[in-house]
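Observations on the model geometry
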Amino acid sequence: MTQRLITLGLLLGLTFSATAQKIFIATGGKAHLFSATPIENIEAVTSSMSSVLNTSNNTLAFSVPMRTFKFEKSLMEEHFNENYMESNTYPKADFKGKIDNIAAIDLTKDGTYQAKISGSLTMHGVTRAITADAQFVVAGGKINGESVFNVNPKDYNIAIPSAVVDKISENIAVTVKVNLDKMQ
């Protein structure tokens, strides 16, 4: 867990001294994958996502260890890690970005805020720009964030064998949820 936080800090170029009161962190964030096809639905979830939000420079990052995703069927999990994601070679997915409409959001005041997020998602050795809608709920100094976006395996050089191509959607819905607390 500590190593994940250090990795996220380095991703953002954060210094943990003078700006600590403006840094929010989350460990145990959730990521959910969902692929819907007429033949089969595939779902996976992890509660091992780490996140950092630095309100002083409007940077946001998360990191997800790929092997922590759990599937309903163990064979799906095995195929995900060994055949598709090649998790030994590409052990995590990382996002680095920002809140585009930060001027319309007051993360110091309780409320619900709609946000536009943009940045780079690195997965399976490929980095691509992504944009997504998000919602932040601020209550009692804590920030809960949620976003849903789609990922196309082809965009990340993830090969789907022709034998199972009808069982895996071209667009995988990804939901991320984090509960961010001020870094102490």
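For the structure, see preceding data.
This one's a predicted model, so the numbers in the text were calculated from it and none came from an experiment. (Residues numbered from 1 in each chain as written. Predicted model: local features only at pLDDT ≥ 70, side-chain atom pairs only at ≥ 80, totals over all residues. Heavy atoms only, no water.)

Let's shift gears to the overall build of the protein chain. From N to C terminus, the protein chain includes two helices and nine strands. For the protein chain, the N- to C-terminal ordering of α and β elements is α-β-β-β-β-α-β-β-β-β-β. Per-residue burial for the protein chain yields a buried fraction of 44% across its 184 residues. Nonlocal contacts in the protein chain, meaning residues at least 24 apart in sequence, comprise 59% of its contacts between residues at least 6 apart. Accessible surface computed for the protein chain: about 9900 Å², of which carbon and sulfur atoms make up 52%. (Helix = DSSP H or I, 4+ residues; strand = E, 2+ residues; numbered from the N terminus. Buried < 20%, exposed > 50% of the residue type's maximum accessible area, 1.4 Å probe, protein only. Contact = heavy atoms within 4.5 Å. Areas by Shrake-Rupley, 256 points an atom, 1.4 Å probe, with all protein chains shown as cover.)

Taken together, the buried positions of helix α2 (residues 74-84) are Met 76, Glu 77, Phe 80, Asn 81 and Tyr 84. Projected onto a plane normal to the axis of α2, the buried residues spread over an arc of 130 degrees and lie on a single side. On its buried face, α2 is in contact with β1 (23-36), β2 (41-54) and β4 (70-71). Following α2 by one or two positions, Glu 86 adopts a phi angle in the positive range, close to 50 degrees. (Arc of directions from axis to C-beta.)

A word on empty space enclosed by the protein. Rolled over the atoms, a probe with the dimensions of a water molecule shows which regions are left empty. Across all of its chains, the model carries one cavity of 30 Å³ or more by this definition. Its volume calculated, the largest cavity comes out at about 220 Å³. Looking at the largest cavity, it is lined by 19 residues, and the ones nearest its centre are Leu 60, Phe 62, Ile 117, Ser 147 and Val 176. Secondary structure elements with two or more residues in the lining of the largest cavity: β3 (59-65), β7 (126-139), β8 (142-151) and β9 (172-182). Of all the elements, β7 adds the most residues to the lining of the largest cavity, at five residues. Tallied by class, residues from the lining of the largest cavity come to 13 nonpolar, four polar and two charged. (1 Å grid on protein atoms, 1.4 Å probe; cavity = no way out; pocket = protein on both sides within 12 Å on 5 of 7 lines; lining within 4 Å. Points joined across faces, edges and corners; volume = space filled by probe spheres on them. Nonpolar A, V, L, I, M, F, W, Y, C, P; charged D, E, K, R; others polar.)

Turning to its location among the elements, Ile 117 is positioned in strand β6 (residues 111-123). Along the chain, Ile 117 and Ile 102 lie 15 residues apart, while their C-alpha atoms are 9.4 Å from each other. Sequence-distant contacts of Ile 117, that is, excluding residues within four places in its chain, are made with Leu 60, Phe 95, Lys 98, Ile 99, Asp 100, Ile 130, Thr 131, Ala 132, Ala 134 and Phe 136.

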